[in-house]
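# A look at the structure
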Amino acid sequence: NNLPYIFDFNSVEIKKMPNKTSYCLNESFDATGLEVIQVLMDDTQAKVEDGLEISGFDSTKPGKCTITVTYEGKETTFEVTINAEHQYDNTCSRV
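Keep in mind it's a predicted model, so treat the numbers as computed, not measured.

### So, the packing of aromatic side chains
For the coordinates displayed, the defined rule picks out five aromatic pairs. On the numbers, 4.9 Å between centres and 65° between planes, the contact of Tyr23 with Phe57 is edge-to-face. Here Tyr23, found in strand β2 (residues 22–25), pairs with Phe57, found in the loop between β5 (53–55) and β6 (63–71); they are 34 residues apart in sequence, far enough to count as distant. Above the face of the Phe9 ring, Lys74 is positioned so that its terminal group lies 5.8 Å from the ring centre.

### Things to note about unusual backbone geometry
Trans is the prevailing form of peptide bonds, just as negative phi is the prevailing case for residues other than glycine. Of note in the backbone geometry, Asn26 takes a positive phi value of approximately 65° without being a glycine. Relative to the helices and strands, Asn26 resides in the loop between β2 and β3 (35–40). Classification of Asn26 as exposed rests on a relative accessible area of 53%. A positive phi angle is found at Asp43, which is not glycine, with a value near 70°. With respect to the helices and strands, Asp43 occurs in the loop between β3 and β4 (45–48). Taking relative accessible area as the criterion, Asp43 reaches 58% and is therefore assigned exposed.

Rules used in this analysis
Residues numbered from 1 in each chain as written. Predicted model: local features only at pLDDT ≥ 70, side-chain atom pairs only at ≥ 80, totals over all residues. Heavy atoms only, no water. Phe/Tyr/Trp six-rings, centres within 6.5 Å; stacked < 30°, edge-to-face > 60°. Helix = DSSP H or I, 4+ residues; strand = E, 2+ residues; numbered from the N terminus. Lys NZ or Arg CZ within 6 Å of the ring centre and 35° of its normal. Buried < 20%, exposed > 50% of the residue type's maximum accessible area, 1.4 Å probe, protein only.

Put into structure tokens, the structure is as follows:
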């Protein structure tokens, strides 16, 4: 059998939060710095480099926003904050 070895894994986890976790109204999500790992069946960890699906970001309403990260059918979540101000000169301020 010459099929490639395919390993299964238990879960995905956030190893490092993105650099940016606080946003202004209507600002775009920035995943820079986000590190996700998969926890393998033997409890070892492997960094996920490609194939992440990120959903749930909505900066149209102030408050907490739950982001879902999915990789090969497994998912994990984290929260970011949407401030009640709009972006102006790279800072949030009331316009």
